[in-house]
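# Geometric and topological summary
Okay, here's what each chain looks like letter by letter:
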Amino acid sequence: MTPNLVLAIDQGTTGSRALLVDEHGASLAEAYRTHAQHHPAPGAVEHDAMEILDAVRAVVGEVMAGVRSDQVAGVGITNQRETIVVWDRATGLPIAPAIVWQDSRTAPECEALVAGGASELVRSRTGLPIQPYFSATKLAWLIDHVPGARARADGGELAAGTMDCWLAWNLTGEHISDVTNASRTLLLDIDKLDWDPELLALFRVPAALLPRVVSTWETGGLVGARVTGLTGIDAPLVAMIGDQQSALLGQGCRTEGQAKCTYGTGAFLLVNAGQTRPVGATSLLTSPASRAADGPVDYCLEGAMAVAGRAIGWLVDDLGLVSSVADTSEIAASVAGSDGVRVVPAFQGLYAPWWDARARGSVTGLTLHSTKAHVVRATLESLAFQTRAVLDAAERESGVTVPALKVDGGVTRNAFFVQALADILGRPVVCAADAEATIHGAVVAAGIACGFWDEAPPGPHGATVEPVWSEDRRDDEYADWLRAVDHARGAIPTT
(Lines give C-alpha, C1' and ligand atoms only; values in the text may rest on other atoms or scores of the structure.)
Protein backbone atom coordinates (compact mmCIF):
# COMPACT_ATOMS: atom_id res chain seq x y z
CA MET A 1 0.00 0.00 0.00
CA THR A 2 1.29 3.46 -0.91
CA PRO A 3 1.73 5.63 2.21
CA ASN A 4 -0.89 8.38 2.09
CA LEU A 5 -0.81 9.99 5.56
CA VAL A 6 1.22 12.74 7.21
CA LEU A 7 1.80 12.90 10.95
CA ALA A 8 2.36 16.43 12.32
CA ILE A 9 3.64 17.20 15.82
CA ASP A 10 3.28 20.65 17.39
CA GLN A 11 5.37 20.94 20.56
CA GLY A 12 4.27 24.25 22.06
CA THR A 13 4.95 26.31 25.16
CA THR A 14 2.01 24.97 27.15
CA GLY A 15 1.35 21.63 25.50
CA SER A 16 1.95 19.17 22.67
CA ARG A 17 -0.42 18.30 19.83
CA ALA A 18 -0.43 15.57 17.20
CA LEU A 19 -2.46 15.65 13.98
CA LEU A 20 -2.89 12.93 11.37
CA VAL A 21 -3.96 14.04 7.88
CA ASP A 22 -4.42 12.35 4.52
CA GLU A 23 -2.84 13.27 1.18
CA HIS A 24 -5.60 15.83 0.59
CA GLY A 25 -4.95 17.62 3.89
CA ALA A 26 -8.10 16.30 5.56
CA SER A 27 -7.77 15.82 9.31
CA LEU A 28 -8.25 12.24 10.50
CA ALA A 29 -7.31 12.39 14.19
CA GLU A 30 -5.98 14.94 16.68
CA ALA A 31 -4.81 14.80 20.30
CA TYR A 32 -3.41 17.32 22.79
CA ARG A 33 -1.72 17.16 26.18
CA THR A 34 -0.44 19.95 28.43
CA HIS A 35 2.77 20.05 30.46
CA ALA A 36 3.70 21.96 33.60
CA GLN A 37 5.14 25.46 33.71
CA HIS A 38 7.81 25.97 36.38
CA HIS A 39 8.75 29.39 37.79
CA PRO A 40 11.58 28.76 40.28
CA ALA A 41 12.45 32.47 40.63
CA PRO A 42 11.21 35.86 39.37
CA GLY A 43 11.74 36.01 35.62
CA ALA A 44 12.65 32.30 35.43
CA VAL A 45 10.57 29.87 33.34
CA GLU A 46 11.45 26.19 32.97
CA HIS A 47 10.08 23.00 31.41
CA ASP A 48 10.74 19.33 32.10
CA ALA A 49 12.01 18.06 28.75
CA MET A 50 11.25 14.43 29.67
CA GLU A 51 7.66 15.35 30.53
CA ILE A 52 7.38 17.00 27.12
CA LEU A 53 8.79 13.93 25.39
CA ASP A 54 6.31 11.71 27.23
CA ALA A 55 3.46 14.03 26.18
CA VAL A 56 4.53 13.89 22.53
CA ARG A 57 4.65 10.10 22.62
CA ALA A 58 1.22 9.99 24.26
CA VAL A 59 -0.54 12.22 21.71
CA VAL A 60 1.08 10.44 18.79
CA GLY A 61 -0.07 7.13 20.24
CA GLU A 62 -3.63 8.46 20.41
CA VAL A 63 -3.81 9.61 16.79
CA MET A 64 -2.08 6.48 15.50
CA ALA A 65 -4.51 4.10 17.21
CA GLY A 66 -5.74 1.71 14.55
CA VAL A 67 -3.37 3.08 11.87
CA ARG A 68 -0.64 0.93 10.30
CA SER A 69 2.86 2.41 10.39
CA ASP A 70 3.30 1.81 6.65
CA GLN A 71 0.47 4.25 5.95
CA VAL A 72 2.54 7.23 7.18
CA ALA A 73 4.56 8.86 4.39
CA GLY A 74 6.38 11.33 6.62
CA VAL A 75 6.49 13.20 9.91
CA GLY A 76 6.68 16.97 10.37
CA ILE A 77 7.57 18.77 13.60
CA THR A 78 6.85 22.35 14.63
CA ASN A 79 7.87 23.67 18.01
CA GLN A 80 8.43 26.45 20.52
CA ARG A 81 11.71 27.89 19.32
CA GLU A 82 14.24 29.49 21.69
CA THR A 83 13.64 27.08 24.58
CA ILE A 84 16.94 25.25 25.13
CA VAL A 85 17.74 21.76 26.43
CA VAL A 86 21.12 20.23 27.34
CA TRP A 87 21.38 16.47 27.67
CA ASP A 88 23.90 13.68 28.17
CA ARG A 89 24.77 12.01 24.86
CA ALA A 90 25.31 8.64 26.53
CA THR A 91 22.13 8.46 28.62
CA GLY A 92 19.89 10.79 26.64
CA LEU A 93 18.80 12.45 29.89
CA PRO A 94 18.65 16.24 30.38
CA ILE A 95 21.23 17.61 32.81
CA ALA A 96 18.79 20.30 34.02
CA PRO A 97 15.32 21.66 33.26
CA ALA A 98 14.90 23.29 29.86
CA ILE A 99 15.10 27.08 29.98
CA VAL A 100 12.05 28.50 28.20
CA TRP A 101 12.03 31.32 25.65
CA GLN A 102 10.14 33.54 28.12
CA ASP A 103 12.91 33.26 30.73
CA SER A 104 14.77 36.52 31.46
CA ARG A 105 17.38 35.34 33.99
CA THR A 106 20.26 36.23 31.66
CA ALA A 107 19.28 39.89 31.23
CA PRO A 108 22.43 41.10 33.07
CA GLU A 109 24.69 39.04 30.78
CA CYS A 110 22.93 40.45 27.72
CA GLU A 111 23.27 44.01 29.00
CA ALA A 112 26.99 43.46 29.57
CA LEU A 113 27.45 42.22 26.00
CA VAL A 114 25.58 45.23 24.64
CA ALA A 115 27.67 47.58 26.80
CA GLY A 116 30.78 45.85 25.46
CA GLY A 117 29.84 46.77 21.90
CA ALA A 118 28.72 43.36 20.59
CA SER A 119 25.33 44.47 19.23
CA GLU A 120 26.42 45.34 15.68
CA LEU A 121 28.28 42.06 15.17
CA VAL A 122 25.36 40.00 16.44
CA ARG A 123 22.71 41.89 14.50
CA SER A 124 24.69 41.75 11.24
CA ARG A 125 25.27 37.99 11.48
CA THR A 126 22.02 36.80 13.03
CA GLY A 127 19.39 39.47 12.27
CA LEU A 128 18.63 39.57 16.01
CA PRO A 129 19.33 41.83 18.99
CA ILE A 130 21.15 40.57 22.08
CA GLN A 131 18.30 39.61 24.36
CA PRO A 132 17.65 36.92 27.00
CA TYR A 133 14.75 35.79 24.79
CA PHE A 134 17.17 33.92 22.53
CA SER A 135 19.01 30.70 23.32
CA ALA A 136 22.73 31.54 23.48
CA THR A 137 22.95 33.12 26.93
CA LYS A 138 20.53 30.51 28.31
CA LEU A 139 22.79 27.76 27.00
CA ALA A 140 25.92 29.35 28.49
CA TRP A 141 24.08 29.81 31.80
CA LEU A 142 23.16 26.12 31.93
CA ILE A 143 26.65 24.79 31.37
CA ASP A 144 28.07 27.34 33.82
CA HIS A 145 25.59 26.52 36.61
CA VAL A 146 25.35 22.73 36.41
CA PRO A 147 28.45 21.37 38.18
CA GLY A 148 30.97 19.96 35.71
CA ALA A 149 28.82 20.74 32.68
CA ARG A 150 31.21 23.12 30.92
CA ALA A 151 34.08 20.65 30.97
CA ARG A 152 31.77 17.89 29.75
CA ALA A 153 30.43 20.18 26.99
CA ASP A 154 33.97 20.99 25.85
CA GLY A 155 34.72 17.28 25.79
CA GLY A 156 31.76 16.43 23.57
CA GLU A 157 29.86 14.47 26.23
CA LEU A 158 26.81 16.76 26.13
CA ALA A 159 24.39 17.76 23.39
CA ALA A 160 22.16 20.81 23.19
CA GLY A 161 19.37 22.13 21.06
CA THR A 162 15.97 23.74 20.80
CA MET A 163 12.86 21.60 21.07
CA ASP A 164 12.92 20.44 17.43
CA CYS A 165 16.43 19.16 18.07
CA TRP A 166 15.44 17.45 21.33
CA LEU A 167 12.54 15.66 19.63
CA ALA A 168 14.60 14.71 16.56
CA TRP A 169 17.29 13.18 18.80
CA ASN A 170 14.76 11.09 20.71
CA LEU A 171 12.65 10.10 17.72
CA THR A 172 15.40 9.43 15.16
CA GLY A 173 18.76 9.41 16.94
CA GLU A 174 19.96 12.33 14.78
CA HIS A 175 21.36 15.55 16.29
CA ILE A 176 19.84 18.07 13.85
CA SER A 177 18.05 21.43 13.87
CA ASP A 178 16.45 23.21 10.94
CA VAL A 179 17.40 26.72 9.81
CA THR A 180 14.30 28.39 11.29
CA ASN A 181 15.08 27.09 14.78
CA ALA A 182 18.86 27.34 14.62
CA SER A 183 18.54 30.98 13.54
CA ARG A 184 16.95 31.86 16.90
CA THR A 185 19.96 30.96 19.01
CA LEU A 186 22.14 34.07 18.32
CA LEU A 187 24.78 31.61 17.09
CA LEU A 188 23.84 31.11 13.40
CA ASP A 189 25.02 33.23 10.49
CA ILE A 190 21.73 33.54 8.59
CA ASP A 191 23.52 34.29 5.31
CA LYS A 192 25.86 31.28 5.46
CA LEU A 193 23.30 29.13 7.35
CA ASP A 194 25.95 27.70 9.64
CA TRP A 195 27.22 28.19 13.19
CA ASP A 196 29.48 31.22 13.40
CA PRO A 197 32.82 30.67 15.25
CA GLU A 198 33.04 34.31 16.33
CA LEU A 199 29.57 34.18 17.86
CA LEU A 200 30.32 30.88 19.59
CA ALA A 201 33.33 32.51 21.20
CA LEU A 202 31.38 35.64 22.14
CA PHE A 203 28.66 33.67 23.92
CA ARG A 204 31.07 31.02 25.26
CA VAL A 205 29.23 28.11 23.66
CA PRO A 206 31.32 25.05 22.68
CA ALA A 207 30.78 23.96 19.08
CA ALA A 208 30.71 20.33 20.25
CA LEU A 209 27.31 20.96 21.87
CA LEU A 210 25.51 21.99 18.72
CA PRO A 211 23.50 20.03 16.11
CA ARG A 212 23.90 19.86 12.38
CA VAL A 213 21.83 22.56 10.63
CA VAL A 214 19.45 21.18 7.99
CA SER A 215 16.76 22.46 5.62
CA THR A 216 13.18 22.96 6.75
CA TRP A 217 11.85 20.12 4.62
CA GLU A 218 13.39 17.56 2.33
CA THR A 219 12.01 14.71 0.24
CA GLY A 220 13.05 11.36 1.64
CA GLY A 221 13.74 12.76 5.09
CA LEU A 222 16.04 15.30 6.71
CA VAL A 223 19.54 13.75 6.41
CA GLY A 224 17.76 10.44 5.92
CA ALA A 225 16.41 10.46 9.47
CA ARG A 226 13.66 7.93 10.22
CA VAL A 227 11.25 8.15 13.12
CA THR A 228 11.61 4.91 15.06
CA GLY A 229 11.33 6.32 18.59
CA LEU A 230 7.53 6.33 18.53
CA THR A 231 5.41 3.23 18.91
CA GLY A 232 3.90 2.19 15.60
CA ILE A 233 5.94 4.64 13.48
CA ASP A 234 8.68 3.86 10.99
CA ALA A 235 8.64 6.80 8.61
CA PRO A 236 11.05 9.55 7.54
CA LEU A 237 11.26 12.82 9.46
CA VAL A 238 10.67 15.09 6.47
CA ALA A 239 10.15 18.53 8.04
CA MET A 240 11.03 20.66 11.06
CA ILE A 241 10.01 24.31 11.38
CA GLY A 242 9.78 26.82 14.22
CA ASP A 243 6.22 27.50 15.34
CA GLN A 244 5.87 31.05 14.08
CA GLN A 245 7.37 30.35 10.68
CA SER A 246 5.06 27.33 10.58
CA ALA A 247 2.03 29.54 11.21
CA LEU A 248 3.19 31.88 8.41
CA LEU A 249 3.28 28.89 6.08
CA GLY A 250 0.02 27.54 7.44
CA GLN A 251 -1.73 30.87 6.88
CA GLY A 252 -0.66 30.82 3.24
CA CYS A 253 1.52 33.95 3.50
CA ARG A 254 3.69 33.05 0.52
CA THR A 255 3.83 36.50 -1.10
CA GLU A 256 6.16 39.28 -0.01
CA GLY A 257 4.26 41.69 2.23
CA GLN A 258 1.68 39.20 3.47
CA ALA A 259 1.53 39.03 7.26
CA LYS A 260 0.10 36.95 10.05
CA CYS A 261 0.02 37.17 13.81
CA THR A 262 -0.33 34.15 16.07
CA TYR A 263 -1.78 34.74 19.53
CA GLY A 264 -0.88 31.98 21.94
CA THR A 265 1.02 32.30 25.21
CA GLY A 266 2.84 35.17 23.51
CA ALA A 267 2.10 36.85 20.19
CA PHE A 268 4.21 36.77 17.05
CA LEU A 269 3.70 38.92 13.98
CA LEU A 270 5.58 37.84 10.87
CA VAL A 271 5.81 39.55 7.48
CA ASN A 272 6.98 37.61 4.43
CA ALA A 273 10.13 39.39 3.20
CA GLY A 274 10.91 37.23 0.14
CA GLN A 275 14.27 35.69 -0.79
CA THR A 276 16.33 38.81 -0.16
CA ARG A 277 17.34 39.30 3.44
CA PRO A 278 15.93 42.63 4.71
CA VAL A 279 18.54 45.10 5.87
CA GLY A 280 18.14 48.06 8.18
CA ALA A 281 15.58 46.55 10.54
CA THR A 282 16.48 47.67 14.06
CA SER A 283 13.43 46.92 16.20
CA LEU A 284 12.24 43.74 14.47
CA LEU A 285 13.87 40.37 13.96
CA THR A 286 15.09 39.01 10.63
CA SER A 287 15.04 35.22 10.34
CA PRO A 288 14.74 32.48 7.73
CA ALA A 289 11.07 31.72 7.12
CA SER A 290 11.83 28.37 5.48
CA ARG A 291 14.24 26.53 3.23
CA ALA A 292 13.15 23.72 0.93
CA ALA A 293 15.85 21.03 0.58
CA ASP A 294 19.04 22.90 -0.34
CA GLY A 295 17.24 25.69 -2.19
CA PRO A 296 17.13 29.43 -1.51
CA VAL A 297 15.98 30.78 1.83
CA ASP A 298 12.73 32.72 2.25
CA TYR A 299 13.17 35.40 4.94
CA CYS A 300 10.71 37.05 7.27
CA LEU A 301 10.54 40.06 9.54
CA GLU A 302 9.15 39.31 12.97
CA GLY A 303 7.87 41.21 15.93
CA ALA A 304 7.66 39.09 19.05
CA MET A 305 5.44 39.98 22.01
CA ALA A 306 6.17 38.04 25.19
CA VAL A 307 2.63 38.04 26.54
CA ALA A 308 -0.74 37.49 24.87
CA GLY A 309 -2.88 34.62 26.13
CA ARG A 310 -0.87 34.61 29.34
CA ALA A 311 -2.31 38.05 30.15
CA ILE A 312 -5.84 36.66 29.92
CA GLY A 313 -4.83 33.74 32.11
CA TRP A 314 -3.45 36.28 34.60
CA LEU A 315 -6.89 37.89 34.85
CA VAL A 316 -8.52 34.53 35.55
CA ASP A 317 -5.97 32.42 37.41
CA ASP A 318 -3.89 35.00 39.26
CA LEU A 319 -6.19 37.97 39.91
CA GLY A 320 -9.47 36.07 39.99
CA LEU A 321 -11.29 38.93 38.27
CA VAL A 322 -13.06 36.56 35.88
CA SER A 323 -14.23 32.99 36.43
CA SER A 324 -13.15 31.72 33.00
CA VAL A 325 -11.21 32.83 29.94
CA ALA A 326 -14.41 32.53 27.88
CA ASP A 327 -16.11 35.18 30.04
CA THR A 328 -13.54 37.90 29.32
CA SER A 329 -15.07 38.82 25.94
CA GLU A 330 -18.53 39.54 27.36
CA ILE A 331 -17.18 41.38 30.42
CA ALA A 332 -14.90 43.58 28.28
CA ALA A 333 -17.79 44.45 25.96
CA SER A 334 -20.01 45.43 28.91
CA VAL A 335 -18.29 48.85 29.07
CA ALA A 336 -17.98 51.31 26.18
CA GLY A 337 -14.31 51.97 26.84
CA SER A 338 -11.56 51.44 29.38
CA ASP A 339 -12.15 54.96 30.82
CA GLY A 340 -8.44 55.69 30.91
CA VAL A 341 -7.36 52.38 32.45
CA ARG A 342 -4.27 51.09 30.62
CA VAL A 343 -2.54 47.74 31.03
CA VAL A 344 1.00 47.09 29.82
CA PRO A 345 1.56 43.30 29.98
CA ALA A 346 5.33 43.49 30.42
CA PHE A 347 5.44 40.55 32.82
CA GLN A 348 8.72 39.33 31.31
CA GLY A 349 9.90 42.68 29.98
CA LEU A 350 8.89 44.16 26.63
CA TYR A 351 9.90 42.54 23.36
CA ALA A 352 9.47 44.20 19.95
CA PRO A 353 9.71 46.99 19.15
CA TRP A 354 11.22 48.19 22.46
CA TRP A 355 13.39 45.24 23.55
CA ASP A 356 13.46 46.33 27.16
CA ALA A 357 14.06 43.35 29.46
CA ARG A 358 13.83 45.61 32.54
CA ALA A 359 10.27 46.82 31.85
CA ARG A 360 7.60 45.47 34.17
CA GLY A 361 3.86 45.07 33.84
CA SER A 362 1.68 47.93 34.95
CA VAL A 363 -1.93 49.01 35.38
CA THR A 364 -2.39 52.79 35.25
CA GLY A 365 -5.30 55.22 35.14
CA LEU A 366 -7.32 53.61 37.94
CA THR A 367 -9.96 55.69 39.72
CA LEU A 368 -12.77 54.86 42.13
CA HIS A 369 -14.98 54.63 39.05
CA SER A 370 -12.86 51.79 37.62
CA THR A 371 -14.37 48.30 37.70
CA LYS A 372 -13.07 44.86 36.85
CA ALA A 373 -14.72 45.28 33.44
CA HIS A 374 -12.44 48.26 32.71
CA VAL A 375 -9.36 46.25 33.73
CA VAL A 376 -10.42 43.25 31.65
CA ARG A 377 -11.12 45.47 28.65
CA ALA A 378 -7.82 47.31 29.06
CA THR A 379 -5.96 44.00 29.21
CA LEU A 380 -7.50 42.71 25.97
CA GLU A 381 -6.92 46.06 24.28
CA SER A 382 -3.28 46.03 25.40
CA LEU A 383 -2.68 42.98 23.21
CA ALA A 384 -4.03 44.90 20.22
CA PHE A 385 -1.96 47.99 21.07
CA GLN A 386 1.16 45.82 21.21
CA THR A 387 0.29 44.46 17.78
CA ARG A 388 -0.09 47.95 16.34
CA ALA A 389 3.36 48.93 17.67
CA VAL A 390 4.90 45.92 15.93
CA LEU A 391 2.97 46.34 12.67
CA ASP A 392 3.86 50.04 12.48
CA ALA A 393 7.54 49.11 12.93
CA ALA A 394 7.29 46.39 10.28
CA GLU A 395 5.88 48.76 7.68
CA ARG A 396 8.36 51.48 8.61
CA GLU A 397 11.43 49.25 8.51
CA SER A 398 10.55 47.05 5.54
CA GLY A 399 8.87 49.61 3.30
CA VAL A 400 5.95 47.26 2.65
CA THR A 401 2.29 47.96 3.31
CA VAL A 402 0.23 45.33 5.05
CA PRO A 403 -3.38 45.84 3.90
CA ALA A 404 -4.85 43.17 6.18
CA LEU A 405 -3.61 40.98 9.00
CA LYS A 406 -4.22 37.23 9.13
CA VAL A 407 -4.56 35.93 12.68
CA ASP A 408 -4.65 32.59 14.42
CA GLY A 409 -4.09 31.09 17.86
CA GLY A 410 -6.30 30.51 20.86
CA VAL A 411 -6.78 34.19 21.73
CA THR A 412 -8.48 34.78 18.36
CA ARG A 413 -11.47 32.83 19.65
CA ASN A 414 -12.17 35.91 21.81
CA ALA A 415 -14.64 37.99 19.76
CA PHE A 416 -14.03 41.21 21.69
CA PHE A 417 -10.27 40.98 21.16
CA VAL A 418 -10.53 40.43 17.39
CA GLN A 419 -12.81 43.47 17.01
CA ALA A 420 -10.52 45.57 19.20
CA LEU A 421 -7.58 44.47 17.06
CA ALA A 422 -9.28 45.62 13.85
CA ASP A 423 -10.29 48.91 15.51
CA ILE A 424 -6.80 49.66 16.83
CA LEU A 425 -5.00 48.61 13.63
CA GLY A 426 -7.47 50.39 11.36
CA ARG A 427 -7.47 47.53 8.84
CA PRO A 428 -9.30 44.23 8.30
CA VAL A 429 -8.40 41.24 10.44
CA VAL A 430 -8.77 37.86 8.71
CA CYS A 431 -9.30 34.98 11.15
CA ALA A 432 -8.16 31.45 10.40
CA ALA A 433 -11.04 28.98 10.33
CA ASP A 434 -8.89 26.75 12.52
CA ALA A 435 -7.15 28.66 15.28
CA GLU A 436 -4.30 26.11 15.22
CA ALA A 437 -2.54 27.37 12.07
CA THR A 438 0.82 26.43 13.57
CA ILE A 439 0.34 22.69 13.19
CA HIS A 440 -1.22 23.26 9.76
CA GLY A 441 2.15 24.71 8.67
CA ALA A 442 3.90 21.51 9.75
CA VAL A 443 1.35 19.56 7.72
CA VAL A 444 2.00 21.75 4.68
CA ALA A 445 5.79 21.40 4.94
CA ALA A 446 5.60 17.63 5.39
CA GLY A 447 3.07 17.29 2.57
CA ILE A 448 5.36 19.17 0.18
CA ALA A 449 8.24 16.88 1.13
CA CYS A 450 6.06 13.80 0.62
CA GLY A 451 4.91 15.01 -2.81
CA PHE A 452 1.27 15.40 -1.79
CA TRP A 453 1.18 18.96 -3.15
CA ASP A 454 3.60 21.25 -4.97
CA GLU A 455 2.73 24.52 -3.28
CA ALA A 456 1.85 25.40 0.28
CA PRO A 457 -1.98 25.38 0.29
CA PRO A 458 -3.36 27.95 2.71
CA GLY A 459 -5.72 26.83 5.41
CA PRO A 460 -9.35 27.90 5.12
CA HIS A 461 -10.16 31.30 6.54
CA GLY A 462 -13.00 32.31 8.79
CA ALA A 463 -14.53 35.72 9.32
CA THR A 464 -13.00 39.00 8.18
CA VAL A 465 -13.53 41.65 10.86
CA GLU A 466 -13.60 45.30 9.75
CA PRO A 467 -12.65 48.27 11.97
CA VAL A 468 -15.40 50.54 13.32
CA TRP A 469 -13.45 53.09 15.42
CA SER A 470 -12.87 56.55 13.99
CA GLU A 471 -9.30 57.46 13.11
CA ASP A 472 -9.22 60.10 15.86
CA ARG A 473 -10.27 57.62 18.54
CA ARG A 474 -7.79 55.05 17.25
CA ASP A 475 -4.85 57.45 17.37
CA ASP A 476 -5.80 59.07 20.69
CA GLU A 477 -6.20 55.80 22.53
CA TYR A 478 -2.97 54.41 21.06
CA ALA A 479 -1.05 57.53 22.08
CA ASP A 480 -2.44 57.20 25.62
CA TRP A 481 -1.35 53.55 25.77
CA LEU A 482 2.15 54.50 24.61
CA ARG A 483 2.37 56.87 27.59
CA ALA A 484 1.55 53.90 29.81
CA VAL A 485 4.39 51.99 28.13
CA ASP A 486 6.75 54.82 29.10
CA HIS A 487 5.63 54.38 32.71
CA ALA A 488 6.27 50.64 32.54
CA ARG A 489 9.76 51.28 31.21
CA GLY A 490 10.51 53.80 33.95
CA ALA A 491 10.79 56.74 31.54
CA ILE A 492 8.03 58.69 33.29
CA PRO A 493 7.70 58.81 37.10
CA THR A 494 4.43 57.31 38.35
CA THR A 495 4.06 59.94 41.10
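Presented here is an overview of the structure given in this document. For clarity, every value in this text was computed on a predicted model and none was experimentally measured.

This part is about the pattern of salt bridges. What the rule picks out here adds up to 30 salt bridges. Notably, a salt bridge pairs Arg226 with Asp234, separated by 3.1 Å at the nearest N-O pair. Residue classification places Arg226 among the partly exposed positions, given a relative accessible area of 39%. The residue Arg483 makes a salt bridge to Asp480 at a minimum N-O spacing of 3.3 Å. Note that Arg483 and Asp480 are positioned in helix H15 (residues 471-488) at a spacing of three residues, about one turn of the helix. Among the residues examined, Asp480 registers a relative accessible area of 22% and is labelled partly exposed. The network of salt bridges with common partners includes Arg342, Arg377, Glu381, Arg473, Glu477, Asp480 and Arg483.

For the rest of this paragraph, the subject is H15. Side chains three or four residues apart in an α-helix point the same way, a direct result of the helix having 3.6 residues per turn. With 18 residues, H15 extends 26 Å from end C-alpha to end C-alpha; this agrees with the ideal 26 Å at 1.5 Å per step. Looking at H15, one finds that the buried residues are Arg474, Glu477, Tyr478, Trp481, Ala484, Val485 and Ala488. Seen from one end, H15 has its buried residues packed into an arc of 110 degrees, which puts them on one side. The outward face of H15, more than 90 degrees from its buried face, is lined by the exposed residues Asp472 and Asp476.

Looking now at the packing of helix H12 (residues 372-398) against helix H13 (residues 415-425). Here H12 crosses H13 at 40 degrees, and the two axes come no closer than 9 Å. The angle between the axes of H12 and H13 places the two elements in the oblique class. When the axes of H12 and H13 are compared, the crossing they make is right-handed. Touching Arg377, Leu380, Glu381, Leu383, Ala384, Phe385, Thr387, Arg388 and Leu391 of H12 are Phe416, Phe417, Ala420, Leu421, Ile424 and Leu425, all from H13. Among the residues making up the contact of H12 with H13, the classes are represented as eleven nonpolar, one polar and three charged.

With that settled, consider the sheet that holds strand S3 (residues 27-34). Two orientations exist for strands paired in a sheet by backbone hydrogen bonds: parallel and antiparallel. Strand order in this open sheet of six strands is S3-S2-S1-S5-S14-S13, and the pairing throughout is mixed. Each end of this open sheet is capped by a strand with a single partner; those strands are S3 and strand S13 (226-227). Strands in contact with helix H1 (residues 49-63) are strand S1 (5-11), strand S2 (15-22) and S3; relative to S3, the strand with the most contacts, it is inclined by about 155 degrees. Its contacts with the sheet put helix H14 (residues 437-449) on S1, S2, strand S5 (72-79) and strand S14 (235-242), and the angle it makes with S1 is roughly 140 degrees.

What follows covers the pairing of S2. Across the eight residues of S2, eight count as buried, placing the element largely inside the fold. Side chains of S2 alternate between two faces, with Gly15, Arg17, Leu19 and Val21 and Ser16, Ala18, Leu20 and Asp22 buried alike. Examined bridge by bridge, S1 and S2 share seven bridges and lie antiparallel to one another. If you follow Ala8 over to S2, its bridge partner there is Leu19. Hairpin connection of S1 to S2: three residues between the antiparallel strands. In this structure, S2 lies alongside S3, joined through seven bridges in antiparallel fashion.

A word on unusual backbone geometry. Between Ala352 and the following residue, Pro353, the backbone shows a cis peptide bond with an omega angle of -5 degrees. Structurally, the position occupied by Pro353 is in the loop between strand S19 (342-344) and strand S20 (362-364). Phi is positive for Leu186, which is not a glycine, with a value near 75 degrees. Along the polypeptide, Leu186 turns up in the loop between helix H7 (179-182) and strand S10 (188-189).

Structurally, the position occupied by Thr379 is in helix H12. On the basis of relative accessible area, Thr379 is assigned to the buried category, the value being 1%. When the C-alpha atoms of Thr379 and Ile52 are compared, they prove to be 30 Å apart, with 327 residues separating the residues in sequence. Leave out the neighbours within four places in its chain, and Thr379 touches Ala311, Trp314, Leu315 and Val343.

Inspection of the entire model under this criterion finds 15 aromatic pairs. With a centroid separation of 5.6 Å and an interplanar angle of 65 degrees, the aromatic rings of Trp87 and Trp169 are classed as edge-to-face. Placement of Trp87 in strand S6 (residues 84-88) and of Trp169 in helix H6 (residues 163-172) is noted, with a sequence separation of 82 residues between them. For the pair Trp87 and Trp169, one class covers both residues: buried. The residue whose ring lies beneath Arg105 is Trp141, and the NZ or CZ to ring-centre distance is 4.4 Å.

In this section: the environment of Thr228. Note on placement: Thr228 falls in the loop between S13 and S14. The class of Thr228 is exposed, set by a relative accessible area of 53%. Considering only alpha carbons, one finds Thr228 and Leu425, 197 residues apart in sequence, at a separation of 47 Å. In this structure Thr228 touches Leu171, Ile233 and Asp234, once residues within four positions along its chain are discounted.

What counts, and where the lines are drawn
- Residues numbered from 1 in each chain as written.
- Predicted model: local features only at pLDDT ≥ 70, side-chain atom pairs only at ≥ 80, totals over all residues.
- Heavy atoms only, no water.
- Salt bridge = Lys/Arg side-chain N within 4 Å of Asp/Glu carboxyl O.
- Buried < 20%, exposed > 50% of the residue type's maximum accessible area, 1.4 Å probe, protein only.
- Helix = DSSP H or I, 4+ residues; strand = E, 2+ residues; numbered from the N terminus.
- Expected span 1.5 Å × (residues − 1).
- Arc of directions from axis to C-beta.
- Axes fitted to C-alpha atoms, helices over the stretch in contact; angles between N-to-C directions.
- Parallel < 35°, antiparallel > 145°, perpendicular 65-115°, else oblique.
- Left-handed = near helix turned anticlockwise from the far one by under 90°.
- Contact = heavy atoms within 4.5 Å.
- Nonpolar A, V, L, I, M, F, W, Y, C, P; charged D, E, K, R; others polar.
- Pairing = 2+ DSSP bridges.
- Phe/Tyr/Trp six-rings, centres within 6.5 Å; stacked < 30°, edge-to-face > 60°.
- Lys NZ or Arg CZ within 6 Å of the ring centre and 35° of its normal.

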